[in-house]
Amino acid sequence: MQATTTGFNQIKRQLVLLLLGCCASATLYAQHTIKGTIYQKDTRKTLTGAAVLLYDEKARIKAHTQSDEHGNFIIENVQIGFYRLLVSFMGNRTEMIPVEVNPRVKVVTFNYIQLSPSISLSRVEVKADRPLMSIRKDTIEFNAGELPTLPNANMHELIEKIPGLTVDENGNLFYLGSPIKELFVDGRSLLQNMSNVRRVMEILKADLAEKIQISDKKNISGITEPGKNEKVLNIVVKNEMKKGVRGTVTGGYGTHDRYNTGATLNMFRKKFTLLGDVLTNNNNTQSDASTNYRSNSIGSNQQGTNKIFNVGAYTTAEIGKKIKLSVNLRHQEQDMISNELQEQENIFADSSTFYHSNAQKHLTGKRNGGILFMDIQPNINNKIIVMANVEREMRKADNKRLYNTTDSRMDTLNSGTLHNNDSAVNKALDLTTSYSHKFGKTGRILSLQTSLRKTWQYSYQSNISQNNVFRPLYHADTINQYVAPKNEVSNVSTSVTYSEPIGKYWSLAMAYAFQNALTRNRQNTFDFNLFKHDYIINDSLTYRFNSRIVNHTVKPSLTYNKGKLMLIGAAGLSLSTLTSDNFTTRNKAVRHTTYVDRALSAVIKIDPYKTLNISLNGVTLPLDAQLLWPINNNSNPLYVQLGNPELINAFANTLALTYFSNSIKGVAFGHNLEARYIQHSFSTSVFTDSLGRQVSMPINVSGTWGVTDNTTLGFRLKTPGITINYNNVFEYNRTASQINHLDNITKKYSLIQGLAASVNWQKRMEFIAKVEVDYRGSMLSLQNDHYTDYIQYTLAFNANAWLPQDFNIGSNVQYINNTDAATHFTLLNGWIGKTLLPNRALSAKFYAFDLLRQNKSVIIYYGSTYRERLETTNLSQYYMFSLTYSYGRKSSKTSTLKVP
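Here's what I pulled together on the structure shown here. All figures in this text were calculated on a predicted structure; none of them were measured in a lab.

1. Some thoughts on the overall build of the protein chain
So, point 1. A tally of helices and strands in the protein chain yields 3 helices and 48 strands.
So, point 2. What you see for the protein chain is a C-alpha radius of gyration of 32 Å, in line with the 29 Å of a compact globule of 900 residues.
So, point 3. Projected onto its principal axes, the C-alpha coordinates of the protein chain cover approximately 130 × 75 × 70 Å.
So, point 4. When each of the 900 residues of the protein chain is scored for burial, the buried share is 47%.
So, point 5. In the protein chain, the proportion of contacts linking residues at least 24 apart, taken out of those at least 6 apart, comes to 64%.
So, point 6. Accessible surface, the protein chain: about 43,400 Å² in total, of which carbon and sulfur atoms supply 57%.
So, point 7. Seen as two clouds, the 99 positive and the 70 negative side-chain charges of the protein chain have centres 10 Å apart.

2. Re the sheet that holds strand β1 (residues 32–40)
Within a sheet, adjacent strands bond to each other through the backbone by hydrogen bonds, running parallel or antiparallel.
So, point 1. If you trace the 3 strands from one edge of the open sheet to the other, you get β4-β1-β7, paired in mixed fashion. At either end of the open sheet lies a strand with only one pairing partner, and these are β4 (72–78) and β7 (107–115). Pairwise comparison of adjacent strand axes, ignoring direction, gives a mean angle of 20° for this sheet.
So, point 2. Note: β1 against β4, 5 bridges, orientation antiparallel. Each bridged residue has a counterpart across the sheet, and for threonine 37 the counterpart in β4 is asparagine 72.

3. Describing the pairing of strand β44 (residues 823–836)
So, point 1. As defined by bridge partners, strand β43 (residues 807–818) adjoins β44 across 12 bridges and the pair is classed as antiparallel. Paired with asparagine 817 across the strands is histidine 824, a residue of β44.
So, point 2. Counted along the chain from β43 to the antiparallel partner β44, the turn is 4 residues long, and its residue alanine 822 has a positive phi close to 50°.
So, point 3. Two strands pair when backbone bridges link them, and β44 and strand β45 (residues 842–849) are joined in this way by 7 bridges, in the antiparallel orientation. When the sheet's bridge partners are listed, isoleucine 832 is paired in β45 with phenylalanine 846.
So, point 4. The turn joining β44 and β45, which pair antiparallel and follow one another in sequence, is formed by 5 residues; a positive phi near 65° is taken by leucine 837.

4. Comments concerning the side chain of histidine 32
So, point 1. Here histidine 32 lies in strand β1.
So, point 2. In this structure histidine 32 touches Ile75, Glu76, Asn77, Val78, Ile80, Val101, Asn102, Pro103, Val105 and Lys106, once residues within four positions along its chain are discounted.

5. Brief notes about the side chain of threonine 788
So, point 1. Looking at where threonine 788 falls in the secondary structure, it is placed in strand β42 (residues 786–803).
So, point 2. Those residues in contact with threonine 788 that lie beyond four places of it in its chain are Arg776, Gly777, Ser778 and Tyr862.

6. Focus: the packing of aromatic side chains
So, point 1. The full count for this structure, using the stated rule, is 17 aromatic pairs.
So, point 2. Here tyrosine 749 and tyrosine 787 contribute two aromatic rings whose centre-to-centre distance is 6.2 Å and whose plane-to-plane angle is 65°, an arrangement assigned as edge-to-face. Remark: tyrosine 787 occurs in strand β42 and tyrosine 749 occurs in strand β40 (residues 742–761); sequence separation between them is 38 residues.
So, point 3. Ring geometry for phenylalanine 846 against tyrosine 879: centres 6.0 Å apart, planes inclined by 10°, an arrangement best described as stacked. A residue pair is termed long-range when its members are at least 10 positions apart, and phenylalanine 846 in strand β45 and tyrosine 879 in strand β48 (residues 878–887) qualify at 33 residues.
So, point 4. The exposure class of phenylalanine 846 is partly exposed, given its relative accessible area of 40%.
So, point 5. Lying over the aromatic face of phenylalanine 660, lysine 231 brings its terminal NZ or CZ to 5.2 Å of the ring centre.
So, point 6. Arginine 840 extends its terminal NZ or CZ atom over the ring of tryptophan 802, reaching a point 5.2 Å from the ring centre.

7. Examining the pattern of salt bridges
So, point 1. Tallied over the full model, the rule gives 25 salt bridges.
So, point 2. Note that aspartate 806 and arginine 840 form a salt bridge whose closest N and O atoms lie 3.2 Å from each other. Taken together, the positions of aspartate 806 in the loop between β42 and β43 and arginine 840 in the loop between β44 and β45 put the pair 34 residues apart, joining distant regions of the chain.
So, point 3. Look at arginine 840 and you get partly exposed, because its relative accessible area is 29%.
So, point 4. When salt bridges with common partners are traced through the structure, they connect Arg199, Glu202, Asp277 and Asp288 into a single cluster.

Cut-offs applied
- Residues numbered from 1 in each chain as written.
- Predicted model: local features only at pLDDT ≥ 70, side-chain atom pairs only at ≥ 80, totals over all residues.
- Heavy atoms only, no water.
- Helix = DSSP H or I, 4+ residues; strand = E, 2+ residues; numbered from the N terminus.
- Rg over C-alpha atoms; globule rule 2.2 N^0.38 Å.
- Buried < 20%, exposed > 50% of the residue type's maximum accessible area, 1.4 Å probe, protein only.
- Contact = heavy atoms within 4.5 Å.
- Areas by Shrake-Rupley, 256 points an atom, 1.4 Å probe, with all protein chains shown as cover.
- Lys, Arg positive; Asp, Glu negative; His and termini not counted.
- Charge placed at Lys NZ, Arg CZ, Asp CG, Glu CD.
- Pairing = 2+ DSSP bridges.
- Axes fitted to C-alpha atoms, helices over the stretch in contact; angles between N-to-C directions.
- Phe/Tyr/Trp six-rings, centres within 6.5 Å; stacked < 30°, edge-to-face > 60°.
- Lys NZ or Arg CZ within 6 Å of the ring centre and 35° of its normal.
- Salt bridge = Lys/Arg side-chain N within 4 Å of Asp/Glu carboxyl O.

And the structure:
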């Protein structure tokens with residue numbers, strides 16, 4: 001009995017010891033909390049959006065967060081141990097705070113963390129590596145030093161290493177699927193029109209940048225408009241680069257008389273930026289010879305052979321403390337010669353016809369323009385923005401075409417020749433003035449905006465054609481016409497918005513917008529008379545036509561904003577009046593349209609790194625006045641475009657869901673799902689007249705809707721230096737049209753998947769690979785749901801290496817396979833170069849283009865009534881030797897951030 005009791009006591013003691021051990025273990029591994037409040041030392045105000053990083057004893061990042069609108073932050077689930085808390089805010093000294101988390105204290109609190117202003121971050125001595133990115137309010141900031149590039153790399157090669165940043169085939173920039181609409185340098189707007197962004201990114205070298213910042217695009221009141229998801233990109237220049245003048249002078253000459261010369265300059269000061277560019281070449285590129293012509297935009301071969309001469313200047317300046325000024329000036333000349341082979345299948349309800357043509361084109365043009373952008377802020381409560389854009393273009397085109405049309409049995413229906421001479425002068429003037437006033441009460445804002453846009457288009461056309469019609473009876477139709485169209489468009493608009501807070505989290509806004517667009521069209525058409533040997537006016541193609549569109553919109557909105565949740569609801573009334581005066585036929589038409597616009601948006605800040613946007617919008621789409629013209633184009637006797645004065649405005653309904661996620665470790669994810677339905681959408685009516693011509697006219701239709709799903713994933717692996725960006729876009733569109741006065745439904749599918757990877761090894765070797773698979777399908781209801789589809793595969797690979805003795809060798813290859821066009825080709829380029837003089841100031845390069853002699857340009861396009869294949873002559877193999885001298889170059893100093 002005693003033995004039994006003793007055994008039981010031993011078991012009891014063991015259970016007690018085990019329980020005590022579990023409690024000790026639970027205490028040892030208990031999860032604790034660190035929280036605090038961050039202030040600005042001088043003003044004693046709390047700081048919103050301050051970055052908070054928690055490092056362990058091995059200088060590893062264990063947690064990251066951001067202070068809220070009250071300056072508070074919290075880090076949960078912290079294990080027992082010793083840490084370093086790094087607290088930073090733009091323009092303030094970074095504070096390093098030691099932290100001990102022990103079993104006795106559940107919550108470690110820092111009630112009063114003070115940051116001193118105007119201390120450079122580079123003064124902080126830290127042992128650990130800086131994180132790739134940080135987030136302050138709505139600004140995502142990337143450390144350029146964490147994105148290594150090769151010597152002589154340009155800014156484009158740097159920003160492509162940012163996770164989540166992608167470039168389309170036209171050079172447009174996107175971050176997580178949202179378009180980047182404006183480029184800043186040191187916080188001053190440099191480009192409002194991003195059409196020249198690729199060349200500007202080549203002028204700027206990668207070693208200039210200290211930081212790359214991406215933030216939401218705001219309106220004049222400093223508010224991000226929900227549902228737009230537009231971004232701006234800011235380049236912060238290193239302080240050591242704000243001295244002297246830097247730039248390049250380049251000259252290259254090669255076989256077949258190919259040449260490429262140019263000069264650039266850039267000057268950065270604390271309050272002033274100047275970029276300059278002169279470029280002339282005939283080798284089908286918008287880059288100078290110092291740039292390695294990488295396949296940044298896969299599948300975008302330039303057509304024909306081109307000569308260009310471009311001059312550009314880009315300036316930003318701070319005038320005092322109240323005015324920021326930006327001026328862009330440009331002059332562009334182009335001379336292009338090309339040969340086009342076109343095959344078009346015209347799909348009708350009862351048959352199909354095939355149009356074949358061989359065209360020789362010669363196009364010359366000159367364009368001059370400038371943009372002025374002025375940001376005036378006399379005090380903290382008032383802001384004025386003035387923007388002016390002036391442009392003048394002269395264009396001449398000489399087109400010679402041989403064509404024929406066949407039926408499904410390949411019997412010839414007609415054939416002939418066409419010769420067009422077209423010279424035109426186009427002018428445009430844009431003026432916009434905006435004013436915003438913030439009253440004493442927070443949230444009470446008044447905004448005014450007025451804009452004027454005027455365009456002038458003067459054209460002189462000579463159309464000579466011989467059209468031989470073989471069925472049902474043979475006859476010939478000769479056209480020798482002289483056409484002088486002229487149109488002027490004046491568009492005046494103004495808007496007023498007033499916002500008033502009506503509670504702690506609520507605000508009410510009222511907006512009114514007015515638009516008045518007047519279009520004046522004049523066209524004189526003359527036919528050549530053989531007997532009089534002179535041009536006689538053609539009354540049927542001569543007209544005088546005015547159209548005016550007047551829109552009034554009133555829209556109240558209600559906003560709820562409580563930190564992590566913002567709701568905006570709006571409903572507006574749109575009144576539209578269209579007046580059409582045809583002075584030739586003495587007809588006048590007046591149409592009134594009323595729409596109710598509506599918008600509902602929700603912005604949910606899940607945490608400082610994750611955001612969810614949901615929006616439901618309905619908006620009036622005013623029609624383009626050009627659609628009202630009686631005759632838009634009759635330069636091709638087989639394809640005539642008419643206008644339609646009976647058109648009314650369309651109305652678009654969209655539902656969008658957008659999710660963004662970022663991580664300081666370099667992972668970015670974005671997803672955008674959008675569904676749209678358009679009432680009275682603009683479409684086309686196509687029919688064949690008695691001469692076999694295809695006549696098209698814009699119409700209003702119902703039943704148009706579509707869905708777009710866009711997913712972007714980007715991440716960076718620092719140790720091997722790899723950046724990977726993946727993009728997936730699915731799109732479905734259902735559109736309605738008319739063919740020979742019968743309703744037709746076109747269904748289009750598109751699935752594009754792209755993968756881009758960049759690897760940089762010790763700043764000596766770099767490999768960039770891009771793969772894209774583009775699937776497109778189309779179905780036409782009038783052809784018994786006739787279905788056609790194709791896939792285009794595109795692969796681009798770039799290799800660049802810097803060898804001992806400052807030798808540089810590289811190559812890029814692009815492979816395209818289009819299943820519909822039954823064509824595939826490989827474009828292979830390569831170069832070898834060497835740099836000389838201190839700081840690699842002089843560079844000599846031998847460049848080889850199209851080593852395999854396979855360069856092509858083939859485009860497949862599906863319209864609502866036709867399928868088209870267009871093959872254009874391209875620049876073929878050449879070799880070029882170039883010299884580039886870089887002046888003002890200095891070795892840069894790189895500051896590193898380390899954590900003890």
